Amino acid sequence: MRILLLAIIGILQFQTSAILLHAETGRDAWLRYARLKNHALDKYAGLPASVVVHGDSAVLEKARDELIHGIQRMLGRTLRIERAPVKESAFILGRIFSLNRYISETSPPVIANDGFRLASVESGNTSSIVIMSPNDRGVLYGVFALLRKIALEEEIESLNEIHEPSAPVRWANHWDNLDGTIERGYAGPSIFFENNNVRQDLTRVSEYGRLLASIGIHGCTINNVNANPRVLQDDFLPQLARVADTFRPWGVRLAVSVDLSSPEKIGGMGTFDPLNPAVSKWWETRISEIYKRIPDFGGFTVKADSEGRPGPSSYGRTPDDAANMLARLLKPHGGLLFYRAFVYDHHLDWRNLKNDRARAAYDIFHPLDGKFEDNVIIQIKHGPIDFQIREPVSPLFGGLTQTASAVELPVMQEYTGQQKHLCFLMPYWKQILDFDLHTNGPGTYVKDILAGKSFGSELSGYVAVINVGMDDNWLGHPMGMSNLYGFGRLAWNPDLDASVIADEWTRLTFGKNPKVVETVTDMLLTSWETYERYTGPLGAQTLTNIVGAHFGPGVEASERNGWGQWHRADEKGVGMDRTVKTGTGFAGQYAPPIAEIYELLETTPDELLLWFHHVPYTYRLNSGKTVIQHIYDSHYEGAERAEDYVNQWRSLEGLIDEPRYGRALKRLEFQAGHARVWRDAVCNWFHKMSGIADEKGRVGHYPDRIEAEAMDLAGYTAMDIIPWENSSGGKGIECKAEESCTAAFRFDGDAGWYQMDVEYFDQNNGQSRFRIFVNDQMVDDWIADDMLPATKPGGDSSSRRRIGGLALRAGDEIRIEAIPDGLEPAGLDFVSIYPER
Ligand code: GCW
């Protein structure tokens, strides 16, 4: 009987968890509004039953509907819509002037635009909740904030809170091309465009607008900064208007990136000189055509004189000439002009040790400070180079005291694992925002500059490059959206701790099970440093193939070319000398207290040492380690930590719904394998270059490995992998000639349980099939169908298949049978076999 009872309980429990863990795609992101558990339902039992909206607008309607939807999903109650004030308790939504009568205060607090107040109001025996703001968008933000509180099960009994955004500008940038591809997009095609037009079905755009609104983002530039002039063509404007109409109810203003040479390319003019009156006239007409259709159009983003894009320099003009011409035309309509400071020469002479791309933004824009129109915002990447895993803060934030500036932050993880690797960037961004540039003496924090506090700008703020795509979960990696959520939260309140953001996001996304929360937040919060450890140490930047996909290792790719991402590693040492005394002088772009720190080897923090100094490999860090040993150790630690993530995630099996659990597991397993590829590439390269052995004897010694080229091959032939360090032993094998190929070897260890890793090359131009046999028994079978940014075998395609629980005996034959597909030659690098841990 007892057993029967236990069985029944077991079945019931199974059923409950199966019900609770219904399959999710991630499309709702952090707005899942998961049904609350009973005790929490009790907590909110006394909430009002109706909602009254004062005012009439599409945004207020969204606010009301979102409140109804959220409460419905979380509490299972459908609020009544009341058209006029009621005598019972209600949620009361509206602008401040129409709601002040509900709160009798002699001097009600002034609230900034987009800010809101949440207040409990008692009157007689009613207890209402008022959500008020100076503008409709703020009311919508207030609703999202209240729903978040409920989702997080916070106390909302006696509310009286005012929330205001730290900065007036909180904007999204997309690098979507009109043909539907996305530059640096890793999660499917564009949600905005296809076939050189705006998509017919804008459902995803509306859903995206809702996500943006929920974190306070109110503007969105939807096309690539490498802009196609077509966005300004007559037949395109009504299409843009459809996007604007879709965004508008969410309080999001549409903006576009423009090509400065548009007057020439689509206007049929012989020039695009910004100071030519006919050119300005052309833009004036375009701008007025846009505003006829989109009265609240947000403005333009401009990338010019950068990476081959046309710009004012073609006519001997400067950025202010171009920016101001456009800004003056946009101003009467309330439009903004975002001019990117990412302007640099990508044909620098690398032989000149004084050349330094990192100097460019400051050198170009600082002298122009004060010359820009007041609706120009200089958009500055957070670091002086380009979204690297570690860079100092761009000194230009301190170099523009009379000009509005915005920080550009990469939600899209271009240089930090491209949403194949987990890399939660909030701890990094916090360091940037909390950095004291000392421009106005101590206390000139980047976040205060962006808030307009330091220099009094009224239009500063935050821009994120976001590459959401048509993938169900928006960014590919089930944890990728933590960076978008975090961006919005920090732009709203840069004082929030990264751990608070991680905690909120995890609970909203994966639920409140304490083990889930503890595990996921730990993974998130350590992931940036982990990624740094196995990619680019000590400020040497992400040691990736900078002339390729920016994904796998490519230690030398940055050197001996004009792109200026040099780390200058040679036989003797590594690092860029950016000091004033002997180097490029970049350190001198900071205010003296900061410049002095970076100028000296001893005071430069270890993590930025190689950014600022060229040192011998034997130089001792503050940590006591030599540079070379640090490079080895950190790569081993990073790869090990990436391996831990797989185990940590596995411990959550059954606590997260299967589709999201499985999808994340796949990515984390890839990451762990790829971290090892990174580890070996970087360590072996530095080992060879420096000639200094790893004190711990790991680098160059892989006793568990059997190189593919050393196996018995049938059909397979050996190939060189370029660069050599991106594969084990510099070689792999490929199946070119035959329909199928085999590679085999004999196991010669003791009998026991083993784990086997097969390192193969998974290109995106074919789907090879691999089958593994122990003697005649097939033990694994898979198709290499991942979409990695690689058409060749190498560091971008290297992938690991792990096969556990293998009972092996000495003399067993292990055979890999592969069927190549398309242009993918079923490449193999090595197999490693080791006792199961
Ligand atoms: O990092 C580089 C990217 C380019 C990008 C450029 C930029 C849109 O590799 O793809 O171009 O930055 O920010 O303009």
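Our structure's up above, just so we're on the same page.
All residue numbers refer to positions counted from 1 along the written sequence of the respective chain. Only residues with pLDDT of at least 70 are given local features in this predicted model, and only at 80 or more are side-chain atom pairs given and counted; all residues enter the totals for whole chains, interfaces and linings. Where side-chain values are given, they derive from all heavy atoms of the structure, hydrogens and water being excluded.

Asker: Can you break down the site of the ligand residue by residue, with the values?
Answerer: If even one non-hydrogen atom of a residue comes within 4 Å of a molecule or strand, that residue is called near it. If you check the shell around the ligand, you find 15 residues, and the closest are Glu-183, Lys-303, Lys-381, Asp-386 and Glu-414. Within the side chain of Lys-381, one N or O atom sits 2.6 Å away from an oxygen atom of the ligand. Throughout this description, a polar contact denotes any pair of N or O atoms lying within 3.5 Å of each other; where both atoms belong to protein, one of them has to be capable of donating a hydrogen while the other can accept it, and for residues adjacent in sequence the pair is counted only when both atoms sit in side chains. In this structure, Asp-386 approaches the ligand through a side-chain N or O atom, which is 2.2 Å from an oxygen atom. Note on areas: these come from Shrake-Rupley sampling with a 1.4 Å probe, and a residue is covered only by the protein chains present in the view. Contact with the protein chains removes 97% of the 340 Å² of surface that the ligand exposes when unbound.

Asker: Please provide a residue-by-residue account of the packing of helix α5 (residues 136-151) against helix α6 (residues 203-214), values included.
Answerer: Orientation of α5 relative to α6, taken along the N-to-C sense of each, is 80°, at an axis distance of 9 Å. In this view, α5 runs roughly perpendicular relative to α6, as classed from their interaxial angle. When α5 is examined against α6, the residues Leu-140, Tyr-141, Phe-144 and Arg-148 are found in contact with a partner set consisting of Arg-210, Ala-213 and Ser-214. For this scheme, ten residues count as nonpolar: Ala, Val, Leu, Ile, Met, Phe, Trp, Tyr, Cys and Pro. Four count as charged, namely Asp, Glu, Lys and Arg, and the remainder, Gly too, count as polar. Within the contact of α5 with α6, the residues separate by chemical class into four nonpolar, one polar and two charged. Working convention: axes come from line fits to C-alpha atoms, limited for helices to the stretch in contact. Angles between N-to-C directions cover 0 to 180 degrees. Helix and strand definitions follow DSSP, with helices as H or I runs of at least four residues and strands as E runs of at least two, each counted in order from the N terminus. Put simply, angles under 35 degrees are roughly parallel, angles over 145 are roughly antiparallel, angles from 65 to 115 are roughly perpendicular, and the rest are oblique. Note on contacts: a residue pair qualifies if any of its non-hydrogen atoms lie within 4.5 Å across the two residues.

Asker: Tell me what's going on with the nonpolar core, and back it up with residues and numbers.
Answerer: Only buried Ala, Val, Leu, Ile, Met, Phe, Trp, Tyr and Cys residues count toward a nonpolar core, and they belong to the same one when joined by side-chain atoms within 4.5 Å. Here the term buried applies to any residue with accessible area under 20% of the maximum for its type, exposed to any over 50%, and partly exposed to those in between, with areas from a 1.4 Å probe on protein chains only. In this structure, Trp-30, Tyr-208, Trp-283, Phe-300, Met-479, Trp-649 and Phe-686 are the most contacted members of the largest nonpolar core, which totals 198 residues. Considering every element that reaches this core, the biggest residue donor is helix α21 (residues 658-690), with eleven residues. If near-sequence neighbours (up to four positions away) are discounted, Phe-300 is found in contact with Leu-232, Val-256, Val-258, Trp-283, Ile-287, Ile-290, Leu-326, Leu-330, Leu-336, Leu-337 and Phe-338. Residues Ala-708, Tyr-716, Phe-745 and Ile-814 belong to the second largest nonpolar core, which totals 28 residues.

Asker: Please set out the pattern of salt bridges residue by residue, giving values where relevant.
Answerer: For this document, the term salt bridge refers to a Lys or Arg side-chain nitrogen within 4 Å of an Asp or Glu carboxyl oxygen. As enumerated under the stated definition, the model contains 72 salt bridges in all. For the salt bridge of Glu-408 with Arg-340, the shortest nitrogen-to-oxygen distance reads 2.8 Å. Here the residue Glu-408 occupies a position in strand β15 (residues 404-410), and Arg-340 occupies one in strand β13 (residues 336-340), the gap between them amounting to 68 residues. Each member of the pair, Glu-408 as well as Arg-340, carries the same accessibility label: buried.

Asker: Got a sec to walk through empty space enclosed by the protein? Specific residues and values, please.
Answerer: The method works on a 1 Å grid over the protein atoms by themselves. A cavity is a set of points holding a 1.4 Å probe that cannot get out, a pocket is an open set with protein on both sides within 12 Å along at least five of seven lines, and residues with an atom within 4 Å of a point line them. Grid points are joined across faces, edges and corners, and a volume is the space filled by probe spheres set on the points. Under the criterion given, the structure shown has four cavities of 30 Å³ or more. One number sums up the size of the largest cavity: a volume of about 100 Å³. Ala-341, Phe-342, Ala-361, Pro-384 and Ile-385 are, among the 13 residues lining the largest cavity, the residues nearest its centre. In terms of residue class, the lining of the largest cavity is built from nine nonpolar, two polar and two charged.

Asker: Any details on helix α13 (residues 426-433)? Residues and values, ideally.
Answerer: With respect to burial, α13 is a largely interior element, seven of its eight residues being buried. Within α13 the residues assigned to the buried category are Met-426, Pro-427, Tyr-428, Trp-429, Lys-430, Ile-432 and Leu-433. Where α13 is buried, its residues touch β15, α14 (446-450), β16 (461-465), α15 (481-492), α16 (498-510) and α17 (514-534).

Asker: Tell me about the state of the cysteines, and please be specific about residues and values.
Answerer: The term disulfide is used for any two cysteine sulfur atoms that are within 2.5 Å. With the rule as written, the count across this model stands at one disulfide. Here Cys-735 connects covalently by a disulfide to Cys-741, the sulfurs 2.0 Å from one another. With the S-S bond torsion at 80°, the cross-link from Cys-735 to Cys-741 turns out right-handed. Take Cys-735: its relative accessible area is 2%, and that puts it in the buried class.

All quantities given are derived from atomic positions and should not be read as evidence of function.
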